[in-house]
Each structure stands twice: as C-alpha cells, then as structure tokens.
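# Tertiary structure, described
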Amino acid sequence: MFNKILIANRGEIACRVIRTAHRLGIRCVAIYSEADANAMHVAMADEAVCVGPAPSKDSYLKMDTILEVAKQTGAQAIHPGYGFLSENAPFVQKCQEADIVFIGPPASAIEAMGSKSAAKRIMEEANVPLVPGYHGEDQDPALLKRHSDEMGYPVLLKATAGGGGKGMRVVWAADEFDSALDAAKREAMNGFADDTMLVEKYLTKPRHVEIQVFCDKHGNSVYLAERDCSVQRRHQKVVEEAPAPGMSDELRKAMGEAAVRAAEAIGYEGAGTVEFLLDEDGSFYFMEMNTRLQVEHPVTELITGQDLVEWQLKAASGQTLPLSQDEVQINGHAVEVRIYAEDPDNDFLPATGKLEYLRTPEENRYVRVDTGVREGDEVSIYYDPMIAKLIVWDENRDRAMQRMSQALTEYRIAGMKTNTHFLKRLIDNSAFRAAELDTGFIEKHEEDLFSGHGGSHSANPLALAALYTLLKQGQQRQAEAVHSHDTTSPWHQFNGWRLNEEPALAVRFKVGDEEKSVQVNWLNQGFRLSVDGHIVIADGKLEDDVLKASFNGHNRNAFVAELEGHITVFTDQGAFECQWLHPDLDNHEFEEEGG
Ligand code: MV4
C-alpha cells in the first residue's frame, strides 16, 4: 500500500479521498490554485502545494507541474478524482513515464472508450447489447436512410464525436430524414469538426441505469450493483439512487455481467461505470463507459457497505479486490442529491458569493454529507459550483426518500441562491416517490418542480421574518436595559411605542425588487400582524437561529439567518430571503432624544 499520495483535484472529492487515505494511514499531498489557498482540502492534507493561478488550465490541468510536485513531495501515486485529468490518457502516460502510479485505468482503456463508435465496436465484440442501429464508417446518406427505414421511426442521429447529449437529433418520420441528417452533420462539423454520424432506434422513455464495476491487476472483475440516474436536467444528473427501483435480481445479474464483459474487453483496472439505457420492456443497451470514479459513487458505497476509494487504493497498489462477486451484498436503499450554488428560478444560473451562513444536517448512519466547503468560504466562479453531495441511506426507498426530504430541510445556506428548495420539491414529488422514472422526468413535471412559494399567510415567510425582527428587538432591548446604554445598535432605534397611541409600527422589508410592509400591533402577549392583507396573531421565541413561532395558535418552527439586516428564513418550503428596512420612525424623535 502507498505511504503518500497526491490528490490532483479540489472540492468535495479531494476531501473525500483524503478522508479514506488518512483512515488507511496514507499521507496526502494536496494541490491548489491561488483561488483555493484557504480551501478545505488544503487544510485537510498533510502537505499542499500551489500549482498556479485560478483558471483550471493554469492549475489543476497543468500535468507537468503536478507531476513535478508529486516527485518533489515523494508521492508514490496520484488520485485524479473526477473531471480535470481523471480521463486524460496522456496524463496517465506521463505518470507511467515518471514511475508514479495513476490511481485509475491504463491509458489504453481510456483511449478505447474515447470514441463513441470505437467503443460500440468493442462492445459488440464483447457481446454487450447495443441499441439497434448503424455505427459504420460508410456515411453514404442513402445507406444511413436505408438503415433508419429498416429500424422504423423514430430514430436518433448521434455525432460519434459528440457526448453528453450534444450532437443528437431525433428523426420522427422518414420524410424528415434527409433534412435532419444535413442539419445534424452541419452541427457536428461546427461543434466537433467531425460530422461522422451513427443512427440508432430512438427509445422514447428510457431510464439511465449504470453499473459500478471494479477490476484489479490480477484479472479479477466484479460489479457492485447499479445506480439509477434517470432524473437529469440538460444531461446533468440531479438525483442518483441505488439500487434502481424495480430492478430484479435476474436483470441486475444480466446487466452486471454485461458491464464486466465491457470492462474486461478493454483490459480495465480500477473503478469504472458502464452506462446503459434501460427500456420499458426490460431490454438494456450500452450507452457509454466512464473510466473514472463517478460523482455518485457514495450511493453504491452505502448499499454495499464498501469504501470505493479504499478499493481504488488497494487495486492501484497491486492488491486483489476485497470481495469476490458472490461476497458482494446489497442492503437498503440510498439516494444522493447535489447541492449547488445556482438559481433554479433563473434557469439554474450558477450563483457565487460567500457562504455567510451554513448549517448541514447532522451526519449519522443514515445521513452523509460530502462537501469541500465550510461556512465563510467563497463559492468560486472558476470551478463547478457544487457545494456538497447529500447522501441518505435507509432500509427501503420510501424511508430513504422521506429521510432525504427532511435532510434537505436541515441543509441551510444563506448568502447565495441554492437548489435545495428545487431538490426538495423533486424528492417530495408524488411521481418521483412512485418511482415513475425516465430521462424525461424533469421536463414532464416542470410545473410542479418550478412553481413559486405556496402556503397560507401564517406560513408566509414574511410573517416569520417580521416576527423574528420583533423578537430580536425585544432581546436587544432587554440586553441594553441590563448592560450599556449603547444606542448605536440598529435594534435600539427600533421602538414601536408611541405615547397616547395604540402601539403600532410598520416593519418594512425588501423582497426581491419589491418593498413590503408588515403592520404590527403589540398585544399583551404577542403581536397582531397584517401580512399581505391578512391579519394573524403571532407570538414565539427566538433561541439562537431557531424561531419557535405560533400563528393563530398554530406552531411553526423555522430557522433564521440574519446578517446586517439581510434575513433568510428557512422553512420546509425552502429558503426565503428579504432585507429588513429600518422602521418608519419620525426622525425628529431622535433629534429630540438626541438633543
Ligand atoms: C439515447 C436516448 C434514446 N434513445 N439513445 C443522452 C446523452 C447520452 N448519454 C445518450 N443519451 C440518450 N441516448 C437512444 N437510442 C436518450 C438519451 C437521453 C438520455 C440518456 C440518459 C440520461 C439522460 C438522457 C436525457 C436525454 C436523452
């Protein structure tokens, strides 16, 4: 086993690899860009070396610099994580030339999977099922049309140089074929400088089911069950779960053995994933093979009880696989969501900013948080804006989803837009809970997933925000009564009492671009609030960031983060942001008081 490894990555996966390496007594060298000097993975490592400025091309992709750091620090192996250099065959070659172990597959295996059509030819020979179609070198349009007519429509035109959904075009009828082929070839030439096409039978409601495979250097290969990653948005995975709902033991075995044949056909070593399209009739077809550890590997870890990074380290150091196929067991159900700094209401535009306030669900045997950021960290514009992966396990799917829904409520971030509310709506969606999964899920349920804040006035987060300011002011005034007469605090200026009048006040907020006002009357116990035209009797108490509220006698708990008047209210409906505007008090009062 290695004594020291270099992690050529950042963020959550770098932290995750370091955690396992440290558990195995392996020292870790981190690399970082100038933008990541204070990053979590740097703090966790035993050593850390800056490899260049923020842009990935000048830092995390600088192969020679990274190899130089590995040599200088005496790292025996490099873990690439995912992304960056993880599927870069020339980098694997350079590691070999430098006599440094690349923790992953041989360069030849990465190259073999690099081209769609080459990969399909290899799979065909390995008796791995392919979608019916044509992926030959002869690109005569008449030939392509003939194959399409024979298959029957709809068919799918795919650029062999494409990937991740790019360069695909569905042809619904024969009379559209010629124009569609011309357009697809033009797009492929523009996009990939290669207009070679393959054509396949188009599956209208497929699921994306992928098999985790592992191979050691001694010819052993196993599959570690499957993951269902059908819920995607623009070919980005949103939710991943294991096992795939409704998967039979027979189908699992058939797909697993096909995946192992695929891995063995390319002399694979290490962790790999074979992606399949699973049709409604139970047929499955090879899509592509990923020659790296996937983002979603934790759901496989939770149902098999295996640490896949430990397997990678053992396999790369020449050990045999920890389990034989018969020893692989699966138990329970796991689901993962990716917490992103992005704005679902603004076409998921990446958000940046500082994690002013960050509270995560408590981790235990059911809940795991793989993250690379801490409260106060900046989410950088230079890299993928993923904040964390939230992974949950339970005895069955229903319990796992219920626990995920609750965990999402407890994942509280203020200071930037996140997708937690969108994720919760997805996890709570009835069709999702019924496992009605296919790759068109998000489009099909767009209305439910993207609608705005629901809820009655008493659940109205503005009422919670107003109650928070009133309780906070009460606490502040109590503190001032006891301590100094500091009148500089914004809370001191906030006083609802006027002589000879029924006590009343308007608390004003800015919500988005809109100003909103909450009328407040003090009562002997609590307040009467007028929120968006609704009257509600409110009371409660504030303990740190926990607001225990009562509206019209209904108790509601919320969490509130406040920073210089910027308030974020967290409820099970998501995070609500507003800015508290100082109360409309006549300034002369201060002048009189102030003299
Ligand atoms: C398909 C398909 C339907 N029929 N091939 C999308 C990107 C690449 N992974 C392959 N993809 C698809 N290939 C045939 N013959 C539907 C998709 C597809 C898809 C596949 C997996 C996960 C999400 C997807 C989203 C849209 C389309």
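Calculation rules
- Residues numbered from 1 in each chain as written.
- Predicted model: local features only at pLDDT ≥ 70, side-chain atom pairs only at ≥ 80, totals over all residues.
- Heavy atoms only, no water.
- Near = heavy atom within 4 Å.
- Polar contact = N/O pair within 3.5 Å; in protein donor to acceptor, adjacent residues only side chain to side chain.
- Helix = DSSP H or I, 4+ residues; strand = E, 2+ residues; numbered from the N terminus.
- Nonpolar A, V, L, I, M, F, W, Y, C, P; charged D, E, K, R; others polar.
- Buried < 20%, exposed > 50% of the residue type's maximum accessible area, 1.4 Å probe, protein only.
- Contact = heavy atoms within 4.5 Å.
- Core = buried A, V, L, I, M, F, W, Y, C linked by side-chain atoms within 4.5 Å.
- Pairing = 2+ DSSP bridges.
- Axes fitted to C-alpha atoms, helices over the stretch in contact; angles between N-to-C directions.
- Salt bridge = Lys/Arg side-chain N within 4 Å of Asp/Glu carboxyl O.
- Parallel < 35°, antiparallel > 145°, perpendicular 65-115°, else oblique.
- Left-handed = near helix turned anticlockwise from the far one by under 90°.
- Phe/Tyr/Trp six-rings, centres within 6.5 Å; stacked < 30°, edge-to-face > 60°.
- Patch = residues over 30% accessible without salt bridge, like charges linked within 9 Å, V, L, I, M, F, W, Y side chains within 5 Å.
- Areas by Shrake-Rupley, 256 points an atom, 1.4 Å probe, with all protein chains shown as cover.
- Lys, Arg positive; Asp, Glu negative; His and termini not counted.
- Charge placed at Lys NZ, Arg CZ, Asp CG, Glu CD.
- Expected span 1.5 Å × (residues − 1).
- pLDDT = per-residue confidence, 0-100.

## Thoughts on the site of the ligand
In the vicinity of the ligand, 16 residues are found, and the nearest of them are L156, E200, K201, L203 and Q232. Here a nitrogen atom of the ligand sits 2.8 Å away from a polar atom, N or O, in the main chain of K201. A distance of 2.9 Å separates a nitrogen atom of the ligand from a polar backbone atom of L203. When residues of the shell around the ligand are traced back to their parent elements, those giving at least two are β7 (155-163), β9 (197-201) and β16 (284-290). Grouping the amino acids of the shell around the ligand by side-chain chemistry returns seven nonpolar, five polar and four charged.

## What about the side chain of T371?
With respect to the helices and strands, T371 occurs in strand β22 (residues 367-371). Residue T371 is classed as buried on the basis of its relative accessible area of 13%. Only 3.2 Å separates the side chain of T371 from the backbone nitrogen of V373, close enough to count as a polar contact. Separated by 2.6 Å, the side chain of T371 and the backbone oxygen of I387 make a polar contact. Beyond its immediate chain neighbours, meaning those up to four positions away, T371 contacts E12, C15, M40, I387, A388 and Y411.

## Observations regarding the nonpolar core
Counting residues in hydrophobic clusters, the biggest one holds 45 residues, and the most contacted among them are I387, L390 and L426. No other element matches strand β24 (residues 386-394), which puts six residues into this core.

## What to know about unusual backbone geometry
Cis geometry marks the peptide bond from Y153 to P154; its omega dihedral reads 0°. Structurally, P154 is set in the loop between α7 (141-151) and β7. Looking along the chain, the bond that leaves A242 and enters P243 is cis, with omega of -10°. Counting through the fold element by element, P243 comes out in the loop between β14 (239-242) and α9 (249-265). If you check the backbone angles, H235 has positive phi at about 65° while not being a glycine.

## Here we look at the sheet that holds β7
The antiparallel open sheet is built from four strands, whose spatial order is β6-β9-β7-β8. In the strand order of this sheet, the two ends are held by β6 (133-134) and β8 (166-171), each with one partner. Alignment of β6 against β9, held across two bridges, turns out to be antiparallel. Of the residues in β9, the one forming a bridge with Y134 is V199. Against the sheet, helix α6 (residues 116-125) engages β7 and β9, with an angle of about 110° to β7. Along the sheet, α7 contacts β6, β7 and β9; its crossing angle with β9, the most-contacted strand, is approximately 10°.

## Comments concerning the pattern of salt bridges
For the structure shown, the criterion picks out 47 salt bridges. Between R508 and E515 there is a salt bridge, and its shortest N-O distance comes to 2.8 Å. Its relative accessible area of 48% is what places E515 among the partly exposed residues. Through salt bridges with shared partners, a single network forms among R16, R19, R23, E301, D307, E310, K314, R368 and D370.

## Side note on the packing of helix α12 (residues 397-410) against helix α13 (residues 420-428)
Where α12 meets α13, the closest approach of the two axes is 9 Å, and the angle between their N-to-C directions is 160°. Between α12 and α13, the angle falls in the class roughly antiparallel. In terms of crossing hand, the pair formed by α12 and α13 is left-handed. Contacts from M401, M404, S405, L408 and T409 of α12 reach α13 at T420, L423, K424, I427 and D428. Its residues assigned to classes, the contact of α12 with α13 shows five nonpolar, three polar and two charged.

## A few points about the packing of aromatic side chains
Tallied over the full model, the rule gives 14 aromatic pairs. Ring centres of F91 and F102 lie 6.1 Å apart, and the angle between their planes is 80°; on these two criteria the pair is classed as edge-to-face. Placement of the pair is F91 in helix α4 (residues 89-97) and F102 in strand β5 (residues 101-102), with a sequence separation of eleven residues. Comparing F91 with F102, the two get one shared label, buried. Following the ring pairs from residue to residue traces out a cluster consisting of Y60, F84, Y382 and Y383.

## Brief notes about the pairing of β14
Here β14 shows a buried face lined by V239 and E241 and a second buried face lined by E240 and A242. For β14 and strand β17 (residues 333-340), the ladder comprises four bridges, and the chain directions are antiparallel. Considered in β17, the bridge of E240 is made with E336.

## Regarding a negative patch on the surface
Judged by side-chain charge, E443, E446, E447 and D448 come together as a negatively charged surface patch. At three residues, helix α16 (residues 446-450) tops the list of elements feeding residues into the negative patch. With respect to the element layout, D448 can be found in helix α16. The class of D448 is partly exposed, set by a relative accessible area of 32%.

## Focus on the sheet that holds β5
Paired through backbone hydrogen bonds, the strands of a sheet run either parallel or antiparallel to each other. Read across the sheet, five strands follow the order β3-β2-β1-β4-β5 without closing on themselves; strand pairing throughout is parallel. What marks the edges here is a single partner per strand, and that holds for β3 (47-52) and β5. Sheet topology places strand β2 (residues 27-33) next to β3; five bridges connect them, and they run parallel. By the bridge assignment, V29 is partnered in β3 with E47.

## Thoughts on the environment of N419
Its place among the elements puts N419 in the loop between β25 (412-414) and α13. For N419 and D343, which are 76 residues apart along the polypeptide, the C-alpha to C-alpha distance reads 6.4 Å. Apart from residues lying up to four places away in sequence, N419 is in contact with R338, I339, Y340, E342 and P344.

## Focus: α9
The end-to-end C-alpha distance of α9, which contains 17 residues, comes to 24 Å, matching closely the 24 Å that a straight helix rising 1.5 Å per residue would cover. By the burial criterion, the buried members of α9 are L251, R252, M255, G256, A258, A259, V260, A262 and A263. Taken together, the buried residues of α9 touch α6, β10 (207-215), β11 (221-228), β15 (270-278) and β16. Positive phi shows up at G267, right after α9, with a value of about 60°.

## Describing the confidence of the model for the protein chain
Of the residues in the protein chain, 92% have a pLDDT of 70 or more, and the chain-wide mean is 91. A low-confidence stretch, residues 489-501 (pLDDT under 50), is modelled with 41 contacts involving residues beyond four sequence positions or located in other chains. The low-confidence segment residues 584-595, where pLDDT is below 50, has eleven contacts with residues more than four positions distant or belonging to other chains.

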